[in-house]
Amino acid sequence: MLEALGIDLKEIIFAMVNFLILVGVLAKFIYKPFLGALESRKQRIRDQFDQADAVSRKADAKLAAYTRRISNAEDEAREILRVAKQKADERSAQIVQEAHDEAAAIIAKAEKTIEQEKDKAIEDLRDEIAELALLAAEQIVGGEIEKTGQDAIVDRVIRNARNSQWQN
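Rules and cut-offs
- Residues numbered from 1 in each chain as written.
- Predicted model: local features only at pLDDT ≥ 70, side-chain atom pairs only at ≥ 80, totals over all residues.
- Heavy atoms only, no water.
- Helix = DSSP H or I, 4+ residues; strand = E, 2+ residues; numbered from the N terminus.
- Buried < 20%, exposed > 50% of the residue type's maximum accessible area, 1.4 Å probe, protein only.
- Areas by Shrake-Rupley, 256 points an atom, 1.4 Å probe, with all protein chains shown as cover.
- Salt bridge = Lys/Arg side-chain N within 4 Å of Asp/Glu carboxyl O.
- pLDDT = per-residue confidence, 0-100.

**Student:** Explanation requested: the overall build of the chain in the structure shown.
**Tutor:** A tally of helices and strands in the chain yields three helices and zero strands. Each helix and strand of the chain, ordered N terminal to C terminal, gives the series α-α-α. Split into buried and exposed, the 168 residues of the chain put 5% on the buried side. Here the chain displays about 14800 Å² of accessible surface, and carbon together with sulfur accounts for 61% of that area.

Written out as structure tokens, the structure is:
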């Protein structure tokens, strides 16, 4: 029946055997190496993805570290500014206090000087009044009083003046 169709069974078997030999040779020499190449390429791609993930994790870790460093640097800068401002405020207060103290010392010195000048002026005025009083007394009495007597009278007049009207 196959012969009626013009098909030779030997040729079909020969073609099938050749086809199977060809498939076996291709499977052994081409298909298996091709599958191996595909598998190695697949593995290389997986490795590259793993490396990319590792690099990405490292980059994320470095980014987090840099972010922490920047945050720490900003915190340190704020602390340095706070301390500098505090020191400046303290120094400013110290300078103001020193100025107040110096002004108080100058005022106290001026008051002391004024008091000394006042006492000197009062003493000079008393001496002059005593001289004028003696001069007036000499002219009234008409004579001269001894020098030692004059000193006693002047001292007594000054004491009396201090105790009464010369008090300030």
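Here the narrative resumes, following the displayed structure.
**Student:** Where do I start with the pattern of salt bridges in this structure?
**Tutor:** Opposite charge on two side chains makes pairing possible when the charged atoms of those side chains draw close. For the structure shown, the criterion picks out four salt bridges. Notably, a salt bridge pairs E79 with R82, separated by 2.5 Å at the nearest N-O pair. Taken as a pair, E79 and R82 lie in helix 2 (residues 9-141) at a separation of three residues, close to a single helical turn. Judged by relative accessible area, E79 falls into the partly exposed class, the value being 37%. The partner of D89 in a salt bridge is K85, and the shortest N-O contact between them spans 3.1 Å. One end of the pair is D89 and the other is K85, both in helix 2 and four residues apart, which spans about a single turn.

**Student:** Got a minute to help me understand the confidence of the model for the chain in this structure?
**Tutor:** With 81% of its residues at a pLDDT of 70 or more, the chain has an overall mean of 84. Element-level mean pLDDT values for the chain span from 67 in helix 3 (residues 147-163) up to 90 in helix 2.

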